[in-house]
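Working through the structure, step by step
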Amino acid sequence: GQNIDQPTEMTATEGAIVQINCTYQTSGFNGLFWYQQHAGEAPTFLSYNVLDGLEEKGRFSSFLSRSKGYSYLLLKELQMKDSASYLCAVRTYNTGFQKLVFGTGTRLLVSP
Amino acid sequence: GAGVSQSPSNKVTEKGKDVELRCDPISGHTALYWYRQSLGQGLEFLIYFQGNSAPDKSGLPSDRFSAERTGGSVSTLTIQRTQQEDSAVYLCASSLSPQKHVRETQYFGPGTRLLVL
């Protein structure tokens, strides 16, 4: 089966750095995505990793270790608008189909 | 259109009634996905359409749920004899033809908030 774990909630202060971890156990691994979802809105794409290592995009970076089944999303210079849920999703490829399996999300609260 | 659109944005229905939710994917996207998100929960995969292939229905929770995609574009998710536990946000996403090892991003619609009384 598929299993994706991430913390339920995290808090941080404006200007700080926060790391949101995600561990997974899946078959047919074919990439890991991070999405941001503000309350009442649709998820929006943040990052994608398929090879081991760090992908940096502005204030956001994402890391993947396939051997450990582990990823993290790093948010630097936190802003109030970063308060949102962050969804880790693993793409699996089995029997010719691709689909994303989502974790339950980490709700991040950024305080002044 | 510019993005994925869904209708209605909100739907309130009575237990036992049927509902239809509509999704218009981004033009040119051949892959279409339906997800369900219950309050405080992650996204639950429901069904996936890719081109003219038979859909992957492995996520549908019961036979009361069905979906179709006509002409390779618009999709309709139908829930028959709705139950209170069906209350959730139903999200649709689309993507370009997904090829293995290719960065393929799913773009989500705004969702339909379904409330079953």
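Everything numeric here is computed off the predicted structure, so don't read it as measured data. (Residues numbered from 1 in each chain as written. Chains lettered and ligands numbered in written order. Predicted model: local features only at pLDDT ≥ 70, side-chain atom pairs only at ≥ 80, totals over all residues. Heavy atoms only, no water.)

1. Let's talk about the layout of surface pockets
Looking at the largest pocket, its volume works out to about 630 Å³. Lining the largest pocket are 26 residues, with Gln37 and Ser85 of chain A together with Gln37, Gly40 and Gln41 of chain B sitting closest to its centre. Partitioned by chemical class, the residues of the lining of the largest pocket number eight nonpolar, 14 polar and four charged. (1 Å grid on protein atoms, 1.4 Å probe; cavity = no way out; pocket = protein on both sides within 12 Å on 5 of 7 lines; lining within 4 Å. Points joined across faces, edges and corners; volume = space filled by probe spheres on them. Nonpolar A, V, L, I, M, F, W, Y, C, P; charged D, E, K, R; others polar.)

2. Re the pairing of strand S10 (residues 112-116) of chain B
The side chains of a regular strand alternate, first on one face of the sheet and then on the other. All names here are of chain B. Side chains Thr112, Leu114 and Val116 project from S10 onto a buried face, and the interleaved Arg113 and Leu115 project onto a face without burial. Pairing between strand S2 (residues 10-13) and S10: four bridges, direction parallel. Bridging across to S10, Asn10 finds its partner in Arg113. Pairing analysis gives three bridges linking strand S8 (residues 88-95) to S10, with the strands arranged antiparallel. Paired with Val89 across the strands is Arg113, a residue of S10. (Buried < 20%, exposed > 50% of the residue type's maximum accessible area, 1.4 Å probe, protein only. Helix = DSSP H or I, 4+ residues; strand = E, 2+ residues; numbered from the N terminus. Pairing = 2+ DSSP bridges.)

3. Observations regarding the interface of chain B and chain A
Listed by partner, the interface residues are 26 residues for chain B and 21 residues for chain A. Both faces considered, chain B and chain A share a buried interface measuring about 1,900 Å² in area, 54% of it formed by carbon and sulfur atoms. Taken together, the links from chain B to chain A amount to zero salt bridges. Scanning the region where chain B abuts chain A turns up three residue pairs in polar contact (both at pLDDT 80 or more). (Contact = heavy atoms within 4.5 Å. Buried area = accessible area lost by both parts, 1.4 Å probe. Salt bridge = Lys/Arg side-chain N within 4 Å of Asp/Glu carboxyl O. Polar contact = N/O pair within 3.5 Å; in protein donor to acceptor, adjacent residues only side chain to side chain.)

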